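Spelled out from the first residue to the last, the chains are:
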Amino acid sequence: MEAQNEQRTGLLYGFGAYGMWGLVPLFWPFLKPSGAVEILAHRMVWSLVVVGLALLAVRRWGWIRELVREPRKLGLTALAASVISVNWGLYIWSVNNGHVVEASLGYFINPLVSIAMGVLLLGERLRRAQWVAVGITFIAVLVLAVGYGRPPWISLVLACSFATYGLIKKKLNMGGLESLAAETAVLFLPALGYLLWLGAQGQSTFTADEPGHATLLASTGLVTAIPLVFFGAAAIRVPLSTLGLLQYMAPVFQFGLGVLYFHEAMPPERWVGFSLVWAALALLTWDALRTARRSRAALEAAPVPVAAPAREPA
């Protein structure tokens, strides 16, 4: 029962994380004329400020001593920080340069990569319907790639970097707040150094623009920290394959924004590809509902164990 409650909590955290990530393309254009690298540096700096205040509020510091004493964990944290910084920077650039739909393709591919990692590296097993859905998604990705007429490098880098990040988080097995604090601490000094260099060169938009722009740049800490804390909490509670399937939420929202809000082009082959992805999602949803129903029925039908009568002392 405790394991089921943990998994249910993890699913709620996952829904929250991917819902927020799905809507974040609405935010990045407000940060222009800042470039993607400057926005990324601000994300790193202000995220540490946010999680530092959160840790101060909950008085949770003991994990720092344990992390420093474990070189393997420290190394994995540094690797996670490097991988997520690549993902962050490329995604910001994609949104602010008119590639929201292609970025959404990356996050459609991402669950496929996560599922493959779960099966190949962690020994997780998929049901038959899940395998069929994965196959349909793979065909959809091929159709979409052909439609672009070139390798979808934005999509591939986003997919592989975030899937790798999810795997590392699974191995770290740290709480969401603690792992984000550790990752942003690794990124803080390089990011702060870059921002100071920009200011010395007279190229920083933080002080050169109106105060409202500086406030928006500072708010990247909240925009970054909240969904990542949710994701970290989900990653240690649900199987990687389940986490991979939840990731479809974000690209669905991003795709809708790309087409309806940013008015990006959608030729027929892209509609075919995305239709295949949606068919796979429908199959996964049906399979998940059926499995949950069967699990509940099995629990209800299971006999209640009867305690053995106490023996009288001799």
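Residues numbered from 1 in each chain as written. Predicted model: local features only at pLDDT ≥ 70, side-chain atom pairs only at ≥ 80, totals over all residues. Heavy atoms only, no water.

For the rest of this paragraph, the subject is the overall build of the protein. Scanning the protein from terminus to terminus reveals 14 helices and 0 strands. Ordered by position from the N terminus, the helices and strands of the protein form the series α-α-α-α-α-α-α-α-α-α-α-α-α-α. For the protein, the C-alpha atoms occupy an extent of roughly 90 × 55 × 30 Å along the three principal directions. For the protein, the proportion of contacts with a sequence separation of at least 24, taken over those separated by at least 6, is 89%. Of the roughly 15,900 Å² that the protein leaves accessible, carbon and sulfur atoms contribute 67%. Charge centroids of the protein, computed over 23 positive and 16 negative side chains, lie 7 Å from each other. (Helix = DSSP H or I, 4+ residues; strand = E, 2+ residues; numbered from the N terminus. Contact = heavy atoms within 4.5 Å. Areas by Shrake-Rupley, 256 points an atom, 1.4 Å probe, with all protein chains shown as cover. Lys, Arg positive; Asp, Glu negative; His and termini not counted. Charge placed at Lys NZ, Arg CZ, Asp CG, Glu CD.)

The subject of this paragraph is a nonpolar patch on the surface. Judged by side-chain polarity, Leu23, Leu26, Val252, Phe253, Tyr261, Trp271 and Trp278 come together as a nonpolar surface patch covering roughly 620 Å² of accessible area. Contributions of two or more residues to the nonpolar patch are made by helix H13 (249–261) and helix H14 (268–301). Top contributing element to the nonpolar patch by residue count: H13, with 3 residues. Within the secondary structure, Trp271 sits in helix H14. (Patch = residues over 30% accessible without salt bridge, like charges linked within 9 Å, V, L, I, M, F, W, Y side chains within 5 Å. Salt bridge = Lys/Arg side-chain N within 4 Å of Asp/Glu carboxyl O.)

With that out of the way, let us pick up the packing of aromatic side chains. Counted according to the given criterion, the structure contains 13 aromatic pairs. An aromatic cluster of at least three residues, connected via ring pairs, comprises Tyr18, Trp21, Tyr91, Tyr107, Phe162 and Tyr165. A cation sits over an aromatic face here: Arg43 above Trp88, 4.5 Å from the ring centre. (Phe/Tyr/Trp six-rings, centres within 6.5 Å; stacked < 30°, edge-to-face > 60°. Lys NZ or Arg CZ within 6 Å of the ring centre and 35° of its normal.)

Once that is clear, we can look at the nonpolar core. The biggest cluster of nonpolar side chains holds 55 residues, and the ones touching the most others in it are Tyr18, Trp21, Trp28, Tyr91, Phe162, Tyr165 and Phe231. The greatest single-element share of this core, amounting to 10 residues, is contributed by helix H4 (residues 71–96). Every residue in contact with Tyr18, bar those within four places of it in the chain, is listed here: Phe162, Phe231, Leu243, Leu246, Gln247, Met249 and Ala250. Core analysis: the second largest hydrophobic core is formed by 23 residues, Ala159, Phe255, Met266 and Phe274 among them. (Core = buried A, V, L, I, M, F, W, Y, C linked by side-chain atoms within 4.5 Å. Buried < 20%, exposed > 50% of the residue type's maximum accessible area, 1.4 Å probe, protein only.)

Attention shifts here to the pattern of salt bridges. Two side chains that carry opposite charge are able to pair once their charged atoms sit near each other. Following the criterion strictly, the structure yields 1 salt bridge and no others. A salt bridge links Lys169 to Glu183, with the nearest nitrogen and oxygen atoms 3.3 Å apart. In this pair, Lys169 sits in helix H7 (residues 153–172) while Glu183 sits in helix H8 (residues 176–200), placing the two residues 14 residues apart along the sequence. On the accessibility criterion, Lys169 (4% relative accessible area) is buried.

Looking now at the side chain of Glu102. Considering the arrangement of structural elements, one finds Glu102 in helix H5 (residues 100–122). On the basis of relative accessibility, which here comes to 2%, the residue Glu102 falls in the buried class. Leaving out residues up to four positions away in the same chain, Glu102 has contacts with Tyr148, Arg150, Pro152, Trp153, Ile154 and Ser155.

Relative orientation and spacing of two packed helices are given, respectively, by the angle between their axes and the distance between those axes. Running from N to C, H5 and helix H6 (residues 128–148) cross one another at 145°; their axes reach a closest spacing of 11 Å. Note that H5 runs across H6; the crossing there is left-handed. Facing H5, whose interface residues are Val101, Glu102, Leu105, Phe108, Ile109, Leu112, Ile115 and Val119, H6 presents Trp131, Val134, Thr137, Phe138, Val141, Leu144 and Tyr148. Residues belonging to the contact of H5 with H6 are distributed by class as follows: 13 nonpolar, 1 polar and 1 charged. (Axes fitted to C-alpha atoms, helices over the stretch in contact; angles between N-to-C directions. Left-handed = near helix turned anticlockwise from the far one by under 90°. Nonpolar A, V, L, I, M, F, W, Y, C, P; charged D, E, K, R; others polar.)

Note that Gly52 resides in helix H2 (residues 36–58). Among the residues examined, Gly52 registers a relative accessible area of 25% and is labelled partly exposed. Along the backbone, Gly52 and Thr184 are 132 residues apart, and their C-alpha atoms lie at a distance of 9.8 Å.

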